[in-house]
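Working through the structure, step by step
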Amino acid sequence: MHVLLLGASGRIGRRVATELLDRGHEVTGVSRSGTVEGVEDPSFVAVAGDASDPDAVARLATGHDAVASALGPGEGEDPAVLVEMMDAVVEGMRRASVDRLVWTGGAGGLSVGPDTRLVETDEFPDEWEGLARSAIDAYEDLAEADDIDWTYLAPAAIIEPGERTGEYRTAEGELVADEDGDSYVSMEDFAVALADVLESGEAVHTYLGTGY
């Protein structure tokens with residue numbers, strides 16, 4: 001596939017790029033600066049782009065088979081920009097006639113019990129709530145895009161750089177946690193999950209949690 005990767009310069013984005021390239025895909029990596037450090041491959045091209053501009057997204061997406069997103073707000077940026085970017089990406093994809101999207105979402109909207117989302121628990125950090133609520137708002141916009149074959153792929157409650165094991169579990173709409181209640185996934189294995197979902201074409205119109 002020829003994949004347009006938005007947010008390619010971030011910690012998750014770089015790992016997604018590497019995973020896709022290792023599988024033989026061609027990747028166009030988009031960042032605000034137009035540079036993506038640490039990814040060097042003849043099948044990788046880094047370009048500058050504004051993911052909050054539907055015209056820019058349409059230009060970038062044209063000729064690609066799919067779009068993958070590892071977008072997030074910049075340092076000090078209002079988390080509400082996630083909604084703006086979601087709307088721009090969906091509209092840009094429509095204009096470019098690209099209909100496959102895998103979006104790196106947030107775990108805050110995942111269910112952890114009857115009528116309870118992770119963001120609503122006492123344990124959820126206050127400093128992350130604004131970001132989590134904005135991610136949920138972005139998801140709700142995406143959920144209305146029936147003409148896009150989207151998957152909203154959320155990591156575990158904790159995602160950090162680590163080892164690529166190739167192992168993970170998924171759950172539709174639910175936080176993935178181990179038998180001790182710990183919810184964790186490495187960025188490397190999250191990239192594996194994203195590439196698997198993108199390649200399979202499955203989990204369409206699904207909010208999918210990942211973890212060990």
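Remember, it's a predicted structure, so these values are computed and weren't measured experimentally.

**Some words on the UniProt feature "domain: NAD(P)-binding" (unreviewed entry) in the protein**
Residues annotated by UniProt as "domain: NAD(P)-binding" (unreviewed entry) correspond here to residues 7–199. Structurally, residues 7–199 is divided into 33% helix and 21% strand, and its ends, taken at the C-alpha atoms, are 19 Å apart.

**Points about the sheet that holds strand β5 (residues 100–104)**
Taken together, the eight strands give an open sheet; going across it, the order is β3-β2-β1-β4-β5-β8-β12-β10, and neighbouring strands pair in mixed fashion. Each having just a single partner strand, β3 (44–48) and β10 (169–172) make up the two edges of the open sheet. In this sheet, adjacent strand axes meet at a mean angle of 20° when their direction is disregarded. In the packing of helix α4 (residues 129–142) onto the sheet, contacts are made with β5, β8 (149–154) and β12 (206–211), and the angle to β8 comes to roughly 160°.

**Remarks on the packing of helix α3 (residues 81–96) against α4**
Where α3 meets α4, the axes come as close as 8 Å, and the angle between the chain directions of the two elements is 25°. Classified by the angle their axes make, α3 and α4 are roughly parallel. Regarding α3 and α4, the two cross each other, and that crossing is right-handed. Counting all contacts with α3, which are made through Leu-82, Val-83, Met-86, Asp-87 and Val-90, the residues of α4 involved are Leu-131, Ser-134, Ala-135, Asp-137, Ala-138, Tyr-139, Asp-141 and Leu-142. By residue class, the composition of the contact of α3 with α4 is nine nonpolar, one polar and three charged.

**Focus on the nonpolar core**
Grouped burial of nonpolar side chains is what soluble globular proteins tend to show. In terms of nonpolar packing, the biggest core is built from 38 residues, with Val-67, Val-89, Leu-101, Trp-103 and Tyr-152 touching the most fellow members. Looking at which element gives the most residues to this core, the answer is α3, with nine residues. Non-local contacts of Leu-101, meaning those with residues more than four positions away in its chain, are made with Val-67, Val-89, Met-93, Leu-142, Ile-148, Asp-149, Trp-150 and Thr-151. With 29 residues, the next largest nonpolar core counts Val-16, Ala-17, Phe-190 and Ala-193 among its residues.

**Brief notes about the packing of helix α1 (residues 11–22) against helix α5 (residues 187–200)**
Following both chains from N to C, one finds α1 and α5 inclined at 55°, their axes separated by 8 Å at the closest point. Judged by the angle between their axes, α1 and α5 are oblique. Considering only the axes of α1 and α5, their crossing is right-handed. In this structure, α1 uses Arg-11, Ile-12, Arg-15, Val-16, Glu-19 and Leu-20 to contact α5, whose residues at the interface are Met-187, Glu-188, Phe-190, Ala-191, Val-192, Leu-194, Ala-195 and Leu-198.

**Brief notes about the side chain of Glu-188**
Counting through the fold element by element, Glu-188 comes out in helix α5. Since its relative accessible area comes to 16%, Glu-188 is described here as buried. Non-local contacts of Glu-188, meaning those with residues more than four positions away in its chain, are made with Arg-15, Glu-160, Pro-161, Gly-162, Glu-163 and Arg-164.

**Digging into the side chain of Ser-183**
Following the sequence through the fold, Ser-183 ends up in the loop between β10 and β11 (184–186). From its side chain, Ser-183 meets the backbone oxygen of Val-176 in a polar contact 2.8 Å long.

**Let's talk about unusual backbone geometry**
Located in the positive-phi region is Ser-97, a residue other than glycine, with phi close to 60°. Along the polypeptide, Ser-97 turns up in the loop between α3 and β5. Residue Ser-97 is classed as exposed on the basis of its relative accessible area, which comes to 67%. Backbone geometry at Ala-203 places phi at a positive 60°, although glycine is not the residue there. Topologically, Ala-203 is positioned in the loop between α5 and β12. Ala-203 sits in the partly exposed class, given a relative accessible area of 23%.

**Focus on the pattern of salt bridges**
All chains considered together, the criterion is met by twelve salt bridges. Across the salt bridge formed by Glu-188 and Arg-15, the nearest N and O atoms sit 2.7 Å from each other. A residue pair is termed long-range when its members are at least 10 positions apart, and Glu-188 in helix α5 and Arg-15 in helix α1 qualify at 173 residues. The salt bridge involving Arg-133 is made with Glu-129; its shortest N-O contact spans 3.3 Å. Of this pair, Arg-133 and Glu-129 both sit in helix α4, four residues apart, which is roughly one turn of the helix.

Rules used in this analysis
- Residues numbered from 1 in each chain as written.
- Predicted model: local features only at pLDDT ≥ 70, side-chain atom pairs only at ≥ 80, totals over all residues.
- Heavy atoms only, no water.
- UniProt positions renumbered as here; feature names shortened; annotations may be inferred.
- Helix = DSSP H or I, 4+ residues; strand = E, 2+ residues; numbered from the N terminus.
- Pairing = 2+ DSSP bridges.
- Axes fitted to C-alpha atoms, helices over the stretch in contact; angles between N-to-C directions.
- Contact = heavy atoms within 4.5 Å.
- Parallel < 35°, antiparallel > 145°, perpendicular 65-115°, else oblique.
- Left-handed = near helix turned anticlockwise from the far one by under 90°.
- Nonpolar A, V, L, I, M, F, W, Y, C, P; charged D, E, K, R; others polar.
- Core = buried A, V, L, I, M, F, W, Y, C linked by side-chain atoms within 4.5 Å.
- Buried < 20%, exposed > 50% of the residue type's maximum accessible area, 1.4 Å probe, protein only.
- Polar contact = N/O pair within 3.5 Å; in protein donor to acceptor, adjacent residues only side chain to side chain.
- Salt bridge = Lys/Arg side-chain N within 4 Å of Asp/Glu carboxyl O.

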